[in-house]
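Coordinates in review
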Amino acid sequence: MSVFDHSGREARRFWHGLRQAVLSRLQALAPRVLFGLRLSASVCLALFATYYLELQNAFWAATTAAIVCQPNLGASIQKGRFRAIGSALGALVMVALLAAFPQQREPALLLLALFCGLCAAAATLLRNLAAYAAALAGITSAIIFADTVTDPSSAPFLAIVRVGEIYIGIWSATVVAMLTGSGSARRQLCQTLGRISANLLAGFSTDVTSGRGAADSRAARIALARELGPLNLAIDAALGEQSPVLADRARLRRIPFALLDALTSWRNAARFGERSSVAETTSRGELRASLAAIDPARFQSDPAGFRDSCRTALGRIDATRSSDVDAPIVVAARDVVQGLAAAADGMLAKGAVGSNGRTPRASFVVADPLPALVNGARTAAAILAVTWFWVVTAWPSGPFAIVFTAVATLIFASFGDHAGDLAKDYTIGVALMAVVGSVLYFGVLPALSSFAALIAVLSVLFIVLGVMQAGPWHSVVFLAMTISSLPLLGVGNPITYDASAYFNLALAIVSGSAVGAMFFVAIPVVPPSLRLRRLIALSLRDLRRLLSLRSTPDQLRWTALMARRIELLPSEATADDVADLLALHAVGRAALRLEQEVSDHRALGLLRAALTALADGHLADARMMLVTWRGQSLALDPPDDAEHRRWIASQSHIAVIIDAIDNHPVLLATPFRGWQPFFKAFR
């Protein structure tokens, strides 16, 4: 073999490796480039529509298109709908304020700040895209105020024009998203649910078949509990694609609640298995066979078949005759399989519905009002500060500073601990765009002589910004550049070039964004440790109200409330904190189910007395009464299968409550101190 042959092989190996590296890099970059093209197309379509209709401020439509366009197609479509709702609400409120105070600026400014604060509070209480709609209502009201402050009498007309421009931007981004959609959000949701279902079934089956204790499977349950938040985001994105497979929205949104119930039932079974001395019984063998018949791999390929196999397993579990020893495990197995069936059912166009022909909807729940109050106060204070400076200095661009102060504080109101850092990145992006915009405004745009040339320049700009925005490195910086670019450039019909106007506007946008970011330092978000303590304390308070019959929520509302609180747990929360919330959820659910299962008035009276004692913190008395009630129940002989199932269920629920008393005595006996943790955190 010659040295030339050896060097030739080395060269071919080198070029082959280089080609593979380039192809893999391009493959990873392709989704980002696609988003850049979609962003550019949305902006250009909005500009074309506004120029064709000869609207003056075309940049509002194009800016709206840039905001609505998201890397996730389903989120883009759904975001457009919520932006339309929020924009219409903000316009109506601002027109009403200007009509009520046409010649009185001070009350109108105060009410504008209060309304934006209310929008920030709503954005914190709501979730995902509904929170975005609340924020957009406040931003739209600030935009209309900035346009009409010099002539309040023209507010109705300008409000119609601005909302029309915003709707053009929404329509443009939605059309582009629908034309380029491929159902990826639904596939990702199905994959996520398939993974969660497989882990849930595997973990529960292992605990039932091997007798593994609760401590051994605890980490797996904690990991599944932390997936509730991302699961809700995936559901929102899938709903935006308007797939015919997703016809029943209420059923789809109830999937996290069904999975939380299943997760809590797994927790109950694991705790009971840890304490039980029985390694193998007939009922456990039957449960093992029933669970083994469910193939989790079918969830993604055949949700209907997976659901049918779950229903078959439910029938076999209902036919299982168990003693009081295994009653909690049998009931938990039924709940787990029922939760898996509900998850598969949510992915189908036709499924189980309520008695009125529709799936029951979960009511609105508030996990903790404190972060909403803090965010609302921050937004109102920031807007009032900029308003005061504008009034005192008579700054011509002050109204635009108010707009971008509202943008900086409202957009990030629902981002929790990351809000301050994101607001800082947003301000940096706006400042960078002011520099880049000056180059385009003075050096490039004046040389253009046609609409086609303008579209070509803006296409290049937004493709680059879109590629960077879809990347992992400080994406909010490039989002800020995208949002502020068109107002800075003043892309209208026609475009006018004024150096002083550009620098005044750039100063207003940058300073307004900077003030918004500074108020995240002046009025910081609620600390994670305080939020964690309040979530547990509020859950304990609500449980006591439930046990003492001062509040009687249905099972769906109780599960929705606890799911929201688990979803809002900060990253600093430990496994013990998640376990405490799961224990509180388990006790509340068991108490609600016992109210339905027990029909004898005397037994029901003893049960309510025990639950009232538990609510008052008298754990020993509550445990003694529950044990007495359970002993009386064990002496009964159920006459038929239906009564036997009710007997099994009641034994299981009592066992769950007694287990919580034995293993969480400090938690259940802790008094609720209301606002005391708030004052301690800010000393």
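Residues numbered from 1 in each chain as written. Predicted model: local features only at pLDDT ≥ 70, side-chain atom pairs only at ≥ 80, totals over all residues. Heavy atoms only, no water.

Broken down by element type, the protein chain carries 29 helices and 0 strands. Residues classed as buried in the protein chain amount to 54% of the 683 residues present. If you sum the accessible surface of the protein chain, you get close to 29300 Å²; carbon and sulfur atoms cover 63% of it. (Helix = DSSP H or I, 4+ residues; strand = E, 2+ residues; numbered from the N terminus. Buried < 20%, exposed > 50% of the residue type's maximum accessible area, 1.4 Å probe, protein only. Areas by Shrake-Rupley, 256 points an atom, 1.4 Å probe, with all protein chains shown as cover.)

Bringing the pattern of salt bridges into the picture now. Two side chains that carry opposite charge are able to pair once their charged atoms sit near each other. In total, this model carries 14 salt bridges according to the counting rule given. With a closest N to O distance of 2.8 Å, aspartate 345 and arginine 307 form a salt bridge. Of this pair, aspartate 345 sits in helix α15 (residues 327–346) while arginine 307 sits in helix α14 (residues 303–318); the two residues are 38 residues apart in sequence, bridging distant segments of the chain. Take aspartate 345 and arginine 307: they sit in the same class, and that class is buried. Sharing partners across several salt bridges, the network here consists of Asp261, Asp335, Arg589 and Arg593. (Salt bridge = Lys/Arg side-chain N within 4 Å of Asp/Glu carboxyl O.)

Now for the nonpolar core. One recurring pattern in soluble globular proteins: nonpolar side chains tend to sit buried together. Counting residues in hydrophobic clusters, the biggest one holds 101 residues, and the most contacted among them are Leu189, Leu200, Phe204, Leu607, Leu614, Ile657 and Leu668. Top element by residues in this core is α15. It accounts for 11 residues. The residues contacting phenylalanine 204, other than those within four sequence positions of it, are Trp266, Ala269, Leu291, Ile329, Ala332, Ala333 and Val336. (Core = buried A, V, L, I, M, F, W, Y, C linked by side-chain atoms within 4.5 Å. Contact = heavy atoms within 4.5 Å.)

Here leucine 118 lies in helix α4 (residues 105–125). On the basis of relative accessible area, leucine 118 is assigned to the exposed category, the value being 56%. Leucine 118 sits 254 residues away from alanine 372 along the chain, and the two C-alpha atoms are 8.8 Å apart.

A few words now on helix α5 (residues 128–148). The end-to-end C-alpha distance of α5, which contains 21 residues, comes to 31 Å, matching closely the 30 Å that a straight helix rising 1.5 Å per residue would cover. By the criterion of burial, α5 is predominantly enclosed, with 19 of the 21 residues buried. (Expected span 1.5 Å × (residues − 1).)

Positionally, histidine 418 belongs in the loop between α17 (398–411) and α18 (419–444). With 107 residues separating them along the chain, histidine 418 and valine 525 place their C-alpha atoms 9.1 Å apart.

All right, on to unusual backbone geometry then. We note that alanine 394 has phi near 55°; this positive angle belongs to a residue other than glycine. The residue alanine 394 is located in the loop between α16 (370–393) and α17 in this model. A residue is classified by how much of its surface remains accessible, and alanine 394, at 58% relative accessible area, is exposed.

Together, Leu110, Leu111, Leu114 and Leu384 make up a nonpolar patch on the protein surface, roughly 310 Å² of accessible area in all. Mapped onto the elements, leucine 384 comes out in helix α16. Take leucine 384: its relative accessible area is 34%, and that puts it in the partly exposed class. (Patch = residues over 30% accessible without salt bridge, like charges linked within 9 Å, V, L, I, M, F, W, Y side chains within 5 Å.)

A few words now on empty space enclosed by the protein. What the rule picks out here adds up to 4 cavities of 30 Å³ or more. Here the largest cavity is characterised by a volume of approximately 160 Å³. As for the largest cavity, its lining consists of 14 residues, of which Ile67, Ile139, Ile143, Val407 and Ile483 are closest to the centre. At the level of elements, α2 (58–68), α5, α17 and α20 (475–489) are the ones that each hand at least two residues to the lining of the largest cavity. (1 Å grid on protein atoms, 1.4 Å probe; cavity = no way out; pocket = protein on both sides within 12 Å on 5 of 7 lines; lining within 4 Å. Points joined across faces, edges and corners; volume = space filled by probe spheres on them.)

A word on helix α25 (residues 601–615). Relative to the 21 Å expected for 15 residues at 1.5 Å per residue, α25 spans 21 Å between its end C-alpha atoms, a close match to the ideal helical length. Positive phi appears at glycine 617, one or two residues downstream of α25, with a value of about 90°.

Glancing now at the confidence of the model for the protein chain. Where the model shows low pLDDT, its predicted coordinates should not be examined in detail. This prediction gives the protein chain a mean pLDDT of 78; 81% of its residues lie at or above 70. Averaged pLDDT values for the elements of the protein chain fall to 48 in helix α29 (residues 676–681) and rise to 91 in α16. Segment residues 351–357: pLDDT under 50, and 11 contacts once partners within four positions in sequence are set aside and those in other chains are kept. Scored below 50 in pLDDT, residues 678–683 shows 6 contacts in the model against residues more than four places distant or in partner chains. (pLDDT = per-residue confidence, 0-100.)

Along the polypeptide, serine 513 turns up in helix α21 (residues 499–522). Given a relative accessible area of 0%, serine 513 falls into the buried group.

All right, on to the environment of glycine 229 then. Looking at the secondary structure, you find glycine 229 in helix α9 (residues 228–240). Classification of glycine 229 as buried rests on a relative accessible area of 15%. Separated by 335 residues in sequence, glycine 229 and arginine 564 place their C-alpha atoms 8.4 Å apart.

Scanning the model with the defined rule gives 0 disulfides in all. Counting only cysteine sulfurs, cysteine 116 is the nearest neighbor of cysteine 119, a cysteine outside any disulfide, at a range of 6.0 Å. (Disulfide = S-S within 2.5 Å.)

A few words now on the packing of aromatic side chains. Tallied over the full model, the rule gives 11 aromatic pairs. With a centroid separation of 4.9 Å and an interplanar angle of 45°, the aromatic rings of tyrosine 51 and phenylalanine 451 are classed as tilted. You can see tyrosine 51 sitting in helix α1 (residues 3–52) and its partner phenylalanine 451 sitting in helix α19 (residues 451–469), a full 400 residues away along the chain. Where phenylalanine 412 meets tyrosine 426, the ring centres are 5.7 Å apart and the plane angle is 70°; that geometry is what we call edge-to-face. One end of the pair, phenylalanine 412, is in the loop between α17 and α18; the other, tyrosine 426, is in helix α18, with 14 residues separating them in the sequence. For the residue pair phenylalanine 412 and tyrosine 426, the accessibility class agrees, reading buried in each case. Three or more aromatic residues link up through ring pairs in this structure, and these residues are Tyr441, Phe442, Tyr502 and Phe503. The ring of tryptophan 266 is capped by arginine 221, whose NZ or CZ atom sits 5.5 Å from the centre of that ring. (Phe/Tyr/Trp six-rings, centres within 6.5 Å; stacked < 30°, edge-to-face > 60°. Lys NZ or Arg CZ within 6 Å of the ring centre and 35° of its normal.)

It is worth spelling out the side chain of arginine 378 at this point. Positionally, arginine 378 belongs in helix α16. Sequence-distant contacts of arginine 378, that is, excluding residues within four places in its chain, are made with Phe519, Phe520, Ile523, Pro524 and Val525.

For the rest of this paragraph, the subject is the packing of helix α22 (residues 528–547) against helix α23 (residues 555–567). Put simply, α22 and α23 touch, their axes get as near as 11 Å, and they point 170° apart. Viewed along their axes, α22 and α23 adopt a mutual orientation that is roughly antiparallel. Between α22, through Leu535, Leu538, Ser539, Arg541, Asp542, Leu543 and Leu546, and α23, the contact on the second element is made entirely by Trp558, Leu561, Met562 and Arg565. Here the contact of α22 with α23 is composed, by residue class, of 7 nonpolar, 1 polar and 3 charged. (Axes fitted to C-alpha atoms, helices over the stretch in contact; angles between N-to-C directions. Parallel < 35°, antiparallel > 145°, perpendicular 65-115°, else oblique. Nonpolar A, V, L, I, M, F, W, Y, C, P; charged D, E, K, R; others polar.)

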